[in-house]
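One-letter residues, chain by chain:
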Amino acid sequence: MRLADAAEPVFARHETFHPRYGWFRKAVAAAAEDPGVFSAPDATVELGVGKNMVKAIRFWGLAAKLIENTPNPPGSPAKRTRNVVPTEFGRLLFDPSSGWDPFMEDPGTLWLLHWKLLSPRSQLPVWWVAFNQFNAIEFDFSDLESACRGGIASGAEWPAPHESSLRKDLSALLRTYAPAERTAHSRVEDLLDCPLRELGLIVRSQATGNYRFAMGPKPTLPPAVAAYVVLDYIAYCEPTARTVLLSRMSTEPGAPGRAFRLSEAELADALRQAVEFSDGALDLASPAGAAQLVWRGEAAELAKALLDRYYLVGLERLGGLERATHSTVSEMTGASAQRALVPGPVGVVR
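Read on for a plain summary of the structure.

## Section: the overall build of the protein
Counting its secondary structure elements, the protein contains 17 helices and 9 strands. Of the contacts made within the protein by residues no fewer than 6 positions apart, 66% connect residues no fewer than 24 positions apart. About 15900 Å² of surface is accessible on the protein, with carbon and sulfur atoms providing 52% of the total.

## A word on the side chain of His14
Within the element layout of this structure, His14 appears in the loop between helix H1 (3-6) and helix H2 (23-33). Look at His14 and you get buried, because its relative accessible area is 0%. Of note is the side chain of His14, whose polar atom sits 2.6 Å from the side chain of Asp169. Those residues in contact with His14 that sit more than four places away from it in its chain are Ala56, Phe59, Trp60, Lys168, Asp169 and Ala172.

## Concerning the pairing of strand E7 (residues 292-295)
Pairing between strand E5 (residues 243-245) and E7: 3 bridges, direction antiparallel. In the sheet register, Thr243 faces E7, and the bridge partner there is Val294. Here strand E6 (residues 282-285) pairs with E7 via 4 bridges, running antiparallel. Paired with Leu284 across the two strands is Leu293, which belongs to E7. Here E6 hands over to E7 after 6 residues, with Ala288 in that stretch at a positive phi of 60 degrees.

## Structural notes on the pattern of salt bridges
A full pass over the atoms with the stated rule returns 12 salt bridges. For the salt bridge of Arg2 with Asp5, the shortest nitrogen-to-oxygen distance reads 3.2 Å. We note a salt bridge from Glu301 to Lys304, for which the minimum N-O separation is 3.5 Å. Highlighted residues: Glu301 and Lys304, both in helix H15 (residues 299-317), separated by 3 residues, approximately one helical turn. The network of salt bridges with shared partners includes Glu145, Arg149, Glu163 and Arg167.

Cut-offs used in this document
- Residues numbered from 1 in each chain as written.
- Predicted model: local features only at pLDDT ≥ 70, side-chain atom pairs only at ≥ 80, totals over all residues.
- Heavy atoms only, no water.
- Helix = DSSP H or I, 4+ residues; strand = E, 2+ residues; numbered from the N terminus.
- Contact = heavy atoms within 4.5 Å.
- Areas by Shrake-Rupley, 256 points an atom, 1.4 Å probe, with all protein chains shown as cover.
- Buried < 20%, exposed > 50% of the residue type's maximum accessible area, 1.4 Å probe, protein only.
- Polar contact = N/O pair within 3.5 Å; in protein donor to acceptor, adjacent residues only side chain to side chain.
- Pairing = 2+ DSSP bridges.
- Salt bridge = Lys/Arg side-chain N within 4 Å of Asp/Glu carboxyl O.

Next up, the structure:
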């Protein structure tokens, strides 16, 4: 995938704030309550944050594909910030009564949010280049800046971002994923309040102090989430496909292997467990020695069904909680997938 196809020419819209713990959930809840909340005169009071943070919460909600722009009512001021509503993904994940993980307690949710920030069409082209086109083993800020500037210049016919905007995006990237650095100007919330640091995707070298992307298995990545992101990616690129090579999913720019820093073998290990979890809806095959993921039905609907079952199993482990499924699996992937993914009656699952 090319940068021009994967991302929008958007830079430094986060008001220099990296995403904070409550912001993703707050973006969905606020948009559900009032689509015009982010442009309301009392937005700072309603959201309980400063003016710049209001803009930042809106940006991170849009960037994570939890909320989306919607037309403003007739007669709205021309310069008014566009209204927003929760996306289907945002509702499924954070709805307070029926969401998969309304309090953001499951580690799989952090991996999903990371994926959504980078997946097409990303609102963070600088981040997309950093994860998908930058291959240095160790790097400092200037190395990353140079690579991202070159990647954007060669990857899309966009006006070059201002140097300050590119630097702000890179600073937000490192503050989002790398271990916090304590300085004389550090605030407590800057050191503690960033959920995606828990993924451990960027670490510091003890020998040199430089950064590096953490390669290797990701113990907190649920296999069902790994399968979801593969299917989600293919649903965007090739919606009618029924198979995909794991070598492609581990090396292609924009693919899950790049976003999660997984080799083909490591991705295969995660998907092998997802195959067992799917009860036959997924399979791994190796025709002519090339490992492939194979599935029945439409990739997008199967991906959603896998997450629905993954989070439902999590609820059951917490005490057999009762809830209604968001939609029947038969509606999403056909009767055969219904039998494969959800044994027994479909509807209210106990």
